[in-house]
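In case you want the letters, here they are:
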Amino acid sequence: MSVEFWFLTGAALVFWMQAGFAMVESGFTRSKNAGNIIMKNLVDFCIGTVAFCLLGYSLMMGEDALWGMIGIPNFNLFLHYKEFIVAQEEGFTDASTFVFNLVFCATTATIVSGGMAERMKFVAYCLCSATLSLFIYPIEAHWIWGGGWLSQLGFHDFAGSCAIHMVGGISALIGAKMVGPRIGKFEKDEKGKVTKVNAFPGHNIVVGALGVFILWLGWYGFNGAACTSVDQLASVFVTTTIAPSIATVVCMIFTWIKYGKPDVSMCMNASLAGLVAITAPCDVTDAFGAIVIGAVAGLLVCFGVWFLDYKAHIDDPVGAVAVHMMNGIWGTIAVGLFATPTAPDSELTGLFYGGGFELLGKQLLGFAAVAAWTVVGMIIVFSIIKAIFGLRVSEEEEIEGLDIKEHGLASAYAGFSIVDLSGAVMSENENTSLGTAEYDKASEAQKKAAVPVVDTEKDMRAAGVISDTGMHKVVIITKLSRYDSIKRALNDLGVTGITVTQVTGCGIQKGAGEMYRGVEMDMTLLPKIKLEVVVSKIPVDSVIEVAKKTLYTGKIGDGKIFVYPVSRVVKIRTGEEDYAALQDVE
């Protein structure tokens, strides 16, 4: 009873890791997608539970079939529930084993969310999570933990460096490659060669750090839940503490030397990398092995992030591939190098402890087999989803953010201002980048997102409400810092009469009207500058184009333009009206 109680407690700790993944992924990405990230981390567990109940669990833990390739599907959870919750000969109920393996399955699925964050369709992610939980993960997990051919061979993966983290990381890599990089991540020349890699800083490193601590706490259950003795559990806790600590320190020193300052987000990635790497060998290695495993993980995560950005040109917003895939592989191989019989209940001996190449060969074979299954399976899965539903949101949806476009959520931070205001000037933020700062190279969607135009006059004429008087009022709302530039541009065009007002404006594009739990949300007001001009001789389209080109910096929120019809103008001093009254301002 006491062993099974700890077994289930460990499962609860692993479930709590879902919160950690949600915090890390949302903190490391942009605020306009935070709600989408949280939603994905919620539903991948819920959808995964449904899939694991229906088929995944029996494929993983069912009676061995096809020479150890799969478990025989069954519905004992539904048809024989009483027997399902009664303890078997080994002392564990099927119900406990089901819950334990379910939370591990959910971890595999949630890794994909981070690698494909900020541009993947929500429906595509739901289908990906379902497929991973239905058969991709259960089949390879059967090979390792369900009595399949790898376990019969002697392959060792105590808590999932290979079965969970490598599989999740490979899936994230394939998905990130197929969905493509976020807009503005890589700048290319005319020949399509990448000339610059842009950083998209996470919007909330504090939340990301909280996620790391939650994950680290959960990892004691992740690695320790399957322990069968107190001595083994204590040893697992020791190695699970040493490896991430060493990885973090090594990463801190490396980034300090390489970049001049210790990198905060990379050190957080390194903590997770050390945890991933020690997951497979945590029960069979000693303190020295944990030190070496952690040190390599700290360097490997730095290399992985650099390689994906600068060589592979694959956009991984949270470092999921470097943390989970690369260090999952390293942890799997490390069993064959650092396993020692001095660890409690360990009967394995690795290469560096005098065991020869036999165990290392088994680990390499297991890694290759599981990797091949995952690569082939996920390429097929993503290809089918892409062909039927599409993987990626539209350019407009990505620019405006998945919170508003996928979920109707105006902001995940209602009531909080996430813009740094200094001297009543809104600072440009890299998190709002549209991909190019050059107006002539920007797409229409990028121009529209940066400086949208609301032409009420055109709509009214089309509806037959007004006639064309040839006079137009143009209202431009933009940042205070853009005033001099727009004033000079309008003067060069021939506009000499401008009315300027300091105003506050709504920070939500397309105005109000968004609802939360059926209640209309208040708007967040920020300082702006409003310019008003009335033109007749100068074409209104010329004024609009000059304003758009002047205000455009490649950032969301560069400005907004409104066009209104003018039916009559009277100059008070002279009594002149309409066209004549405007000649001294054009």
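What you are looking at is a predicted structure, and each value in this text was computed from that prediction instead of being measured.

Definitions and cut-offs
- Residues numbered from 1 in each chain as written.
- Predicted model: local features only at pLDDT ≥ 70, side-chain atom pairs only at ≥ 80, totals over all residues.
- Heavy atoms only, no water.
- Helix = DSSP H or I, 4+ residues; strand = E, 2+ residues; numbered from the N terminus.
- Buried < 20%, exposed > 50% of the residue type's maximum accessible area, 1.4 Å probe, protein only.
- Areas by Shrake-Rupley, 256 points an atom, 1.4 Å probe, with all protein chains shown as cover.
- Patch = residues over 30% accessible without salt bridge, like charges linked within 9 Å, V, L, I, M, F, W, Y side chains within 5 Å.
- Salt bridge = Lys/Arg side-chain N within 4 Å of Asp/Glu carboxyl O.
- Pairing = 2+ DSSP bridges.
- Contact = heavy atoms within 4.5 Å.
- Axes fitted to C-alpha atoms, helices over the stretch in contact; angles between N-to-C directions.
- Left-handed = near helix turned anticlockwise from the far one by under 90°.
- Nonpolar A, V, L, I, M, F, W, Y, C, P; charged D, E, K, R; others polar.
- 1 Å grid on protein atoms, 1.4 Å probe; cavity = no way out; pocket = protein on both sides within 12 Å on 5 of 7 lines; lining within 4 Å.
- Points joined across faces, edges and corners; volume = space filled by probe spheres on them.

Draft legend 1. Spotlight on the overall build of the chain. Per the secondary structure count, the chain includes 21 helices and 13 strands. Projected onto the principal axes, the alpha-carbon positions of the chain cover approximately 100 × 55 × 45 Å. Across the 586 residues that make up the chain, the buried fraction comes to 51%. Accessible surface computed for the chain: about 25,300 Å², of which carbon and sulfur atoms make up 63%.

Draft legend 2. Representation of a nonpolar patch on the surface within the structure. A surface patch of nonpolar side chains, amounting to about 670 Å² of accessible area, comprises Val123, Val375, Val376, Ile379, Ile380, Ile384, Ile388 and Phe389. Take the nonpolar patch: its biggest share by element is six residues, from helix H14 (residues 358-388). Inspection of the secondary structure assignment puts Ile380 in helix H14. Taking relative accessible area as the criterion, Ile380 reaches 45% and is therefore assigned partly exposed.

Draft legend 3. Inspection of the pairing of strand S4 (residues 194-197) at higher detail. Sheet topology places strand S3 (residues 186-188) next to S4; three bridges connect them, and they run antiparallel. Looking at S4, one finds that Glu187 is bridged to Lys196. Here S3 hands over to S4 after five residues, with Gly192 in that stretch at a positive phi of 90 degrees.

Draft legend 4. Examining the side chain of Thr285 more closely. Position of Thr285 among the secondary structure elements: in the loop between helix H11 (264-279) and helix H12 (287-312). In this structure Thr285 comes out as buried when scored by relative accessible area, which is 0%. In contact with Thr285, not counting residues within four places along its chain, are Ser235, Thr239, Ile278, Ala290, Ile293, Phe338, Thr340 and Ala343.

Draft legend 5. Spotlight on the packing of H11 against helix H13 (residues 320-338). Running from N to C, H11 and H13 cross one another at 35 degrees; their axes reach a closest spacing of 8 Å. H13 is crossed by H11, and the crossing has right-handed handedness. Touching Asn269, Leu272, Ala273, Val276 and Ala277 of H11 are Val323, His324, Asn327, Gly328, Trp330 and Gly331, all from H13. A class-by-class count of the residues in the contact of H11 with H13 yields six nonpolar, five polar and no charged.

Draft legend 6. Local environment of empty space enclosed by the protein. In total, this model carries four cavities of 30 Å³ or more according to the counting rule given. Estimated volume of the largest cavity: approximately 100 Å³. Together, Phe21, Val24, Glu25, Ile111, Gly114, Asn269, Leu272, Val318, Gly319, Ala320, Val323 and His324 line the largest cavity. Elements supplying a minimum of two residues to the lining of the largest cavity: helix H1 (2-27), helix H5 (94-115), H11 and H13. In terms of residue class, the lining of the largest cavity is built from seven nonpolar, four polar and one charged. In this structure, the second largest cavity occupies an estimated 60 Å³ of space. Along the walls of the second largest cavity sit Phe52, Cys53, Tyr57, Ser58, Asn74, Phe75, Asn76, Leu77 and Phe84, which together make up its complete lining. Listed by contribution, the elements that provide at least two residues to the lining of the second largest cavity are helix H2 (34-61) and helix H3 (76-79). A per-element tally of the lining of the second largest cavity places H2 first, with four residues. Grouping the amino acids of the lining of the second largest cavity by side-chain chemistry returns six nonpolar, three polar and no charged.

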